[in-house]
Amino acid sequence: MAKHSLRWVALAYVTLLLLLPLGLVTWRTFEHGLSPVIDALTTSEAGHAFQVTAVVSVLAVVLNTVFGVTASVLLVRHEFPGRRLLNAAIDLPIAVSPVVVGLALILVYGKFEPIGRWLDHRGIGIIYAVPGMVLATVFVSLPLVVRAVAPVLEEIGTDQEQAARTLGASGFQTFRRITLPAIRAAVGYGVVLSLARCIGEFGAVAVVSGRIVGQTQTATLFVQERFENFDQPAAYAASFTLAMTAVVALVLTRYLRLKGQR
Amino acid sequence: MSRTVARHAVLLTGVTALFALTACGSSSGGTKDAAATGGSGGKVTLNLVAYSTPQAAYTAEIKAFQATPAGKNVDIKTSFGASGDQSRAVASGQAADIVAFSLAPDIDRLVKAKLVDASWNANQYKGMITDSVVVITTRKGNPKNIKTWDDLVKPGLQVLTPNPFSSGSARWNILAAYGAETKAGKTEAQATAYLTALFKNVPVQADSGRASLQVFTGGKGDAILTYENEAIFAQQNKQAIDYTVPDSTILIENPIAITSKSSHPTQAKAFLDFLYSEAGQKIYEDNGYRPIVSTTPGADKFPKPAQLFTIADLGGWTAATKKFFDADTGLVTTIEKNNGVSTTGK
Amino acid sequence: MAVGLPLLDDPAGAVKPGRVRNRGAAARRGGLSLVTTYLSLVVLLPLAAVVYRSQSQGWGHFIHAIQAPESWAAVKLTLVLAVAVALINLVMGTLIAWVLVRDTFPGRAVLDTVIDLPFALPTIVAGLVLLSLYGNNSALGVNLAYARSGVLMALLFVTLPFVVRTVQPVLLELDRDMEDAAASLGAGALTTFRRIILPNLVPAMLGGTALAFARSISEFGSTVLISGNIPFKTEVASVAIYNQIQSDDTTNAAAVSTLLLAVALVVLLVVDLAQRLAARRG
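Description of the structure in this document. No experiment lies behind these values; they were computed from the predicted model shown. (Residues numbered from 1 in each chain as written. Chains lettered and ligands numbered in written order. Predicted model: local features only at pLDDT ≥ 70, side-chain atom pairs only at ≥ 80, totals over all residues. Heavy atoms only, no water.)

### Brief notes about the overall build of chain B
So, point 1. Within chain B, the regular secondary structure consists of 13 helices and 10 strands.
So, point 2. Per-residue burial for chain B yields a buried fraction of 56% across its 346 residues.
So, point 3. Summarising the internal contacts of chain B: among those between residues at least 6 apart in sequence, 73% fall at separations of at least 24.
So, point 4. Only carbon and sulfur atoms are counted for the fraction: they give 56% of the accessible area of chain B, which is about 14000 Å². (Helix = DSSP H or I, 4+ residues; strand = E, 2+ residues; numbered from the N terminus. Buried < 20%, exposed > 50% of the residue type's maximum accessible area, 1.4 Å probe, protein only. Contact = heavy atoms within 4.5 Å. Areas by Shrake-Rupley, 256 points an atom, 1.4 Å probe, with all protein chains shown as cover.)

### Digging into the overall build of chain A
So, point 1. When you go through chain A residue by residue, the secondary structure sums to 13 helices and 0 strands.
So, point 2. Viewed in the frame of its principal axes, chain A has a C-alpha envelope of about 70 × 65 × 30 Å.
So, point 3. Residues counted as buried form 63% of the 262 residues belonging to chain A.
So, point 4. Look at the contacts in chain A between residues 6 or more apart in sequence, and 73% of them connect residues 24 or more apart.
So, point 5. Surface exposure of chain A reaches about 9800 Å², of which carbon and sulfur atoms provide 65%.
So, point 6. Looking at chain A, you have 21 positive and 15 negative side-chain charges, and the mean spots of the two groups are 10 Å apart. (Lys, Arg positive; Asp, Glu negative; His and termini not counted. Charge placed at Lys NZ, Arg CZ, Asp CG, Glu CD.)

### Comments concerning the packing of helix α6 (residues 168–183) of chain B against helix α12 (residues 316–325) of chain B
Residues and elements named next belong to chain B.
So, point 1. At a closest axis distance of 12 Å, the pairing of α6 and α12 adopts a crossing angle of 85°. In terms of axis orientation, α6 runs roughly perpendicular to α12. Here α6 contributes Arg171, Trp172, Ile174, Leu175 and Tyr178 to the contact with α12, which in turn contributes Trp317, Ala320, Thr321, Lys323, Phe324 and Phe325.
So, point 2. Residue classes in the contact of α6 with α12 are distributed as 8 nonpolar, 1 polar and 2 charged. (Axes fitted to C-alpha atoms, helices over the stretch in contact; angles between N-to-C directions. Parallel < 35°, antiparallel > 145°, perpendicular 65-115°, else oblique. Nonpolar A, V, L, I, M, F, W, Y, C, P; charged D, E, K, R; others polar.)

### Some remarks on the environment of A:Phe175
Residue and element names in this part refer to chain A.
So, point 1. Tracing the backbone shows Phe175 in helix α9 (residues 171–182).
So, point 2. Separated by 13 residues in sequence, Phe175 and Gly188 place their C-alpha atoms 17 Å apart.
So, point 3. Among all residues touching Phe175, those that are not within four sequence positions of it are Val69, Val73, Leu180 and Pro181.

### Quick look at the pattern of salt bridges
So, point 1. Inspection of the entire model under this criterion finds 27 salt bridges over all chains.
So, point 2. Note that A:Glu201 and A:Arg197 form a salt bridge whose closest N and O atoms lie 2.8 Å from each other.
So, point 3. Judged by relative accessible area, A:Glu201 falls into the buried class, the value being 6%.
So, point 4. Across the pair C:Asp248 and B:Arg109 runs a salt bridge whose closest N-O atoms are separated by 2.8 Å. Remark: B:Arg109 occurs in helix α4 (residues 105–112) and C:Asp248 occurs in the loop between α11 (237–246) and α12 (250–281); the pair is interchain, linking two chains.
So, point 5. Take C:Asp248: its relative accessible area is 41%, and that puts it in the partly exposed class.
So, point 6. In the salt-bridge network here, residues are joined through shared partners; they are A:Arg254, C:Asp112, C:Asp116 and C:Arg165. (Salt bridge = Lys/Arg side-chain N within 4 Å of Asp/Glu carboxyl O.)

### Quick notes on the packing of aromatic side chains
So, point 1. The tally for this structure, following the rule as stated, stands at 13 aromatic pairs over all chains.
So, point 2. Geometrically, the ring pair formed by A:Phe30 and A:Phe240 is edge-to-face, given 4.8 Å between the ring centres and 85° between the ring planes. Here A:Phe30, found in the loop between α1 (2–29) and α2 (35–41), pairs with A:Phe240, found in helix α13 (residues 232–261); they are 210 residues apart in sequence, far enough to count as distant.
So, point 3. The class for A:Phe30 is partly exposed, based on a relative accessible area of 29%.
So, point 4. Arranged with centres 6.0 Å apart and planes meeting at 40°, the rings of B:Phe324 and B:Phe325 form a pair that is tilted. (Phe/Tyr/Trp six-rings, centres within 6.5 Å; stacked < 30°, edge-to-face > 60°.)

### A word on the interface of chain C and chain A
So, point 1. Every contact between the two is made by 92 residues of chain C and, on the other side, 89 residues of chain A.
So, point 2. Around 8500 Å² of area is buried between chain C and chain A when both sides are counted, 75% of it from carbon and sulfur atoms.
So, point 3. Put simply, chain C and chain A have 3 salt bridges between them.
So, point 4. Run the count over chain C and chain A and you get 7 residue pairs in polar contact (both at pLDDT 80 or more).
So, point 5. Here the element with the most residues in the side of chain C that touches chain A is helix α1 (residues 25–54) of chain C; it accounts for 17 residues.
So, point 6. Split into classes, the residues belonging to the side of chain C that touches chain A amount to 65 nonpolar, 12 polar and 15 charged. (Buried area = accessible area lost by both parts, 1.4 Å probe. Polar contact = N/O pair within 3.5 Å; in protein donor to acceptor, adjacent residues only side chain to side chain.)

### Concerning helix α3 (residues 83–91) of chain B
So, point 1. Counting buried positions over the 9 residues of α3(B) gives 8, a clear majority of the element.
So, point 2. Those residues of α3(B) lying buried are B:Ser83, B:Gly84, B:Asp85, B:Gln86, B:Ser87, B:Arg88, B:Ala89 and B:Val90.
So, point 3. Of the surrounding elements, those touching the buried residues of α3(B) are β1 (44–51), β2 (74–81), β3 (98–100) and α4 of chain B together with α11 of chain C.
So, point 4. Of the residues one or two after α3(B), B:Gly93 is the one with positive phi, at around 120°.

### Examining the packing of helix α2 (residues 55–66) of chain B against helix α11 (residues 278–286) of chain B
Residue and element names in this part refer to chain B.
So, point 1. Running from amino to carboxyl end, α2 crosses α11 at an angle of 155°, the nearest separation of the two axes being 9 Å. On the basis of their axis angle, the class for α2 and α11 is roughly antiparallel. The two elements α2 and α11 cross, and the hand of that crossing is right-handed. Judged by residue contacts, Ala57, Tyr58, Ala60, Glu61 and Ala64 of α2 engage Gly280, Ile283 and Tyr284 from α11.
So, point 2. Tallied by class, the residues present in the contact of α2 with α11 amount to 6 nonpolar, 1 polar and 1 charged. (Left-handed = near helix turned anticlockwise from the far one by under 90°.)

### Quick word on a nonpolar patch on the surface
So, point 1. A cluster of nonpolar side chains, A:Val58, A:Val62, A:Val66 and C:Leu34, forms an exposed patch at the surface whose accessible area comes to about 340 Å².
So, point 2. It is helix α3 (residues 44–77) of chain A that contributes the most residues to the nonpolar patch, 3 residues altogether.
So, point 3. Topologically, C:Leu34 is positioned in helix α1.
So, point 4. Among the residues examined, C:Leu34 registers a relative accessible area of 45% and is labelled partly exposed. (Patch = residues over 30% accessible without salt bridge, like charges linked within 9 Å, V, L, I, M, F, W, Y side chains within 5 Å.)

### Brief notes about the nonpolar core
So, point 1. Counting residues in hydrophobic clusters, the biggest one holds 157 residues, and the most contacted among them are A:Phe67 and C:Ile96.
So, point 2. No other element matches helix α3 (residues 69–102) of chain C, which puts 13 residues into this core.
So, point 3. Once residues lying within four places of it in the same chain are set aside, the contact partners of A:Phe67 are A:Ile90, A:Leu142, A:Val146, C:Val35, C:Tyr38 and C:Leu39.
So, point 4. Ranked by size, the runner-up nonpolar core spans 74 residues in total, among them B:Ala57, B:Leu115, B:Val293 and B:Ile335. (Core = buried A, V, L, I, M, F, W, Y, C linked by side-chain atoms within 4.5 Å.)

### Remarks on the side chain of A:Thr65
All names here are of chain A.
So, point 1. You can see Thr65 is positioned in helix α3.
So, point 2. Accessibility expressed as a relative area gives 15% for Thr65, which makes it buried.
So, point 3. With residues up to four places along the chain from it excluded, the contact list for Thr65 reads Val145, Val187 and Val191.

Note that every value here comes from positions in space, so none of it alone points to a role or purpose.
And the structure:
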């Protein structure tokens, strides 16, 4: 039957592309048992790396969520000149390679550039410090919350909101009590996906981090550094942890997506 | 509804637990190699920005330095990465008191940016801290018997060398090959033809020397051009490789300098003095580098090639960069272009 | 995932009840300032700095930088690959979305969950793993590394979710009545798909494909490990840019980056236009 052959094609394609890599990471990680993995993950370097990742990711996600919800409401519920341009601009980060992200941020916020120098005189260091890493992470994950929330805002329509307004609710009250609860699942989905994306960011952060061991080295940078030093147990252990975080995030997003669709 | 909430809670707990395990477990667990930078509340903090291959060496150096009186109250934060990347990072503002790179042009960039004094190479060692040579690395036992420069251009062989437009290591490799040919009496045209034949045997050009080595240990290629210290490092890490020092090869000289804007020049100089001391040079030696101080015990265990030339013999870095690696007119650019156009498909 | 913006040119406001016209103008202005400032500080200003840098030695130099043999070869390869990846995703993405929505089989939930993996999995992990799978010591016995097909596989991995996740919600929303009507009138499955379903999917398909295209242009990490990275042969644009930065050719690097940015922006805007046209006809 045509329907079944489609199914097999889809399954084969996805297995080849996605599931095998995941299986391989797991296998390589536990090749020599559990204790090398525990050892590798409990060094202070590994601990610092995951801490840095956690701090940078959470900050980036919080910023992008506020931006994402605001931008979604603007794009879907309002009109203004330049709306289409804003829509395209939000998608633009996807097309920018991590090397260029780093270059672009350094050209503006680097210590020897006008804006960077101004900030540096006031004791604010952006590049080669945590703020720069947050900036780079925000850049690459910018579209995610918007693209999760906007379609849902679109779909639910304004009936309830308009009803609330005719009953006398202010704009903010309407937003807080009608709109926000309605898009809660979509926001959750966007947040979790963003979080996973931020935790996994490598290229752009690598350029602006300064790679200071124990200070600005993220978990992904840790994976690269360990792999480069032929410390494969540590590299795979950290990779496995990151991969599992990604899988947990995926399972969470599935529930949130389904909840939103009900 | 409560079931969904419960599910969410379980999953969230799972993620948090994973992070807690990794982040908090470190405080009690053994610290394998972080002791070097974890000085107990050192009064002065120095920033060392270095290329990636001597990471193990510097970790040991810092630990040893902190055991000396001069280093007792000095905490050294380290950053390791590709030599060019690190150099550009310092040039665009990364804090550094001491910089150690794989080749001199990466320091020259900082001199141009007024971050390192032009007198950085005025000492008796011309600013260099370690040496190495370009060697031919093969599988353990050298099954294909690849020992000489001529062996590398045998048809059908696969030789690895990194991308010369992103890797300093690749540049040393190419200059070693070219220099070996010209020192053996070949003309420039013949040496260029040799390089063309060599590149035809290169199936992949990773973006750095270390990445190239990992491609090799991952199973690709019959031979690879590397630094001698890289080959030694790989062997120390149980990789199944052997290496041959060719009869004619280039002396790799690794520079080090104190930045002009360092806020702790005294302590930085003290660290540098330690690195030049016998104890410091011995640590480099243990990690596969040829010590620059020839009186270091054990320095003679490194094989001496019959013909050892330097970058000065090839006209110095500025001239060599223009001649070989210029984006429009470089010798290597032309070779890569011709190879790219003449071979089709994969 | 790219949202097809609802039609604005509908004076009566009767067709799409999604507009809140002339209400909360102050809130709108406040929100707009917040959004624009944020976007400027994070994205627009830095990208503008790159564009500015690219022409800092004149537009003649800009043209020269783009036409330099290594850059041009890399840009061509990147654009060709990106188009190939976009087209494959157009077909496979729609197919997978179809299977997820219209078919039931054990493991469908797993498949649905796993689609987002390329978003969530760190690129460096993906790169290491792709290399092990498709390289010399491949568990599959397939040696794809260091060839254009290797780069293609890496790009297909990172772009998998885009078309699937834009088409899936539309398929879910689709009203089955028309399909049933067509079937009762004797239309075969293929005809029904082509004439009833497909037109409704086209905007979403286009949007997802544009994102897949944009993503392919920017991919760096996994292609370096798996492509062979040979200048003029298997070196992609993002790597060429990296090399130029390494050689202190920042202006040239900025020029190539600007070119790619312009291409991406044009594609995003053209697709937005196409979505509008397709939606209008449907």
